[in-house]
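# Analysis of the macromolecular model
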Amino acid sequence: MAASVTALLGRLPAPLFGNAATAFAWSTKKASALPRYAGWAVPGAVGALWFVWPAVDDGWKVSVGIMADPEAAAAAKAEAAEAAKTSN
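The shown structure was predicted, so the numbers you read here are calculated from the model rather than taken from an experiment. (Residues numbered from 1 in each chain as written. Predicted model: local features only at pLDDT ≥ 70, side-chain atom pairs only at ≥ 80, totals over all residues. Heavy atoms only, no water.)

A tally of regular secondary structure across the chain gives five helices and two strands. In sequence order, the secondary structure elements of the chain are arranged as α-β-β-α-α-α-α. Looking at the 88 residues of the chain, the share that counts as buried comes to 5%. Carbon and sulfur atoms provide 71% of the accessible area of the chain, an area that totals close to 7,500 Å². Both charge centroids of the chain, one from 7 positive and one from 6 negative side chains, sit 29 Å from each other. (Helix = DSSP H or I, 4+ residues; strand = E, 2+ residues; numbered from the N terminus. Buried < 20%, exposed > 50% of the residue type's maximum accessible area, 1.4 Å probe, protein only. Areas by Shrake-Rupley, 256 points an atom, 1.4 Å probe, with all protein chains shown as cover. Lys, Arg positive; Asp, Glu negative; His and termini not counted. Charge placed at Lys NZ, Arg CZ, Asp CG, Glu CD.)

Structure (structure tokens):
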């Protein structure tokens, strides 16, 4: 039963490859070369972030928690100034 399921999955059509068995064989061959490029993972990620990070808007950074909310900081500062003014 498992062999027939595997054979059926291998015959499924796959774009550019003809069937899933050919796509799987090609992917396995290409994946075997990945360890050669492992040393480029960190520099590649840093380079990608170097270009992408300025495009990310501040609203998203605040919602994720990476950046403090500037509006909340300004409101807290104004509230502290008002509290200092009324206490004197």
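Next, the rest of the story.
So, on to the side chain of Lys61. Structurally, Lys61 is set in helix α4 (residues 58-64). Under the relative-accessibility criterion, Lys61 is labelled buried at 10%.

Turning our attention to helix α2 (residues 20-31). In this model α2 runs 16 Å from its N-terminal to its C-terminal C-alpha over twelve residues, within 8% of the 16 Å that 1.5 Å per residue would give. N-cap assignment for α2: the residue whose side-chain oxygen lies 3.3 Å from the backbone N of Ala21 is Asn19. (Expected span 1.5 Å × (residues − 1). Polar contact = N/O pair within 3.5 Å; in protein donor to acceptor, adjacent residues only side chain to side chain.)

Summed over all chains, the structure comprises one salt bridge. The closest approach of N and O atoms between Lys61 and Asp58, which form a salt bridge, is 4.0 Å. Of this pair, Lys61 and Asp58 are both found in helix α4, three residues apart, which corresponds to roughly one turn of the helix. (Salt bridge = Lys/Arg side-chain N within 4 Å of Asp/Glu carboxyl O.)

So, about the environment of Met67. Looking at the secondary structure, you find Met67 in the loop between α4 and α5 (70-87). For Met67, a relative accessible area of 28% gives the class partly exposed. Discounting residues that sit within four places of it in the chain, Met67 has contacts with Asp58, Lys61 and Val62. (Contact = heavy atoms within 4.5 Å.)

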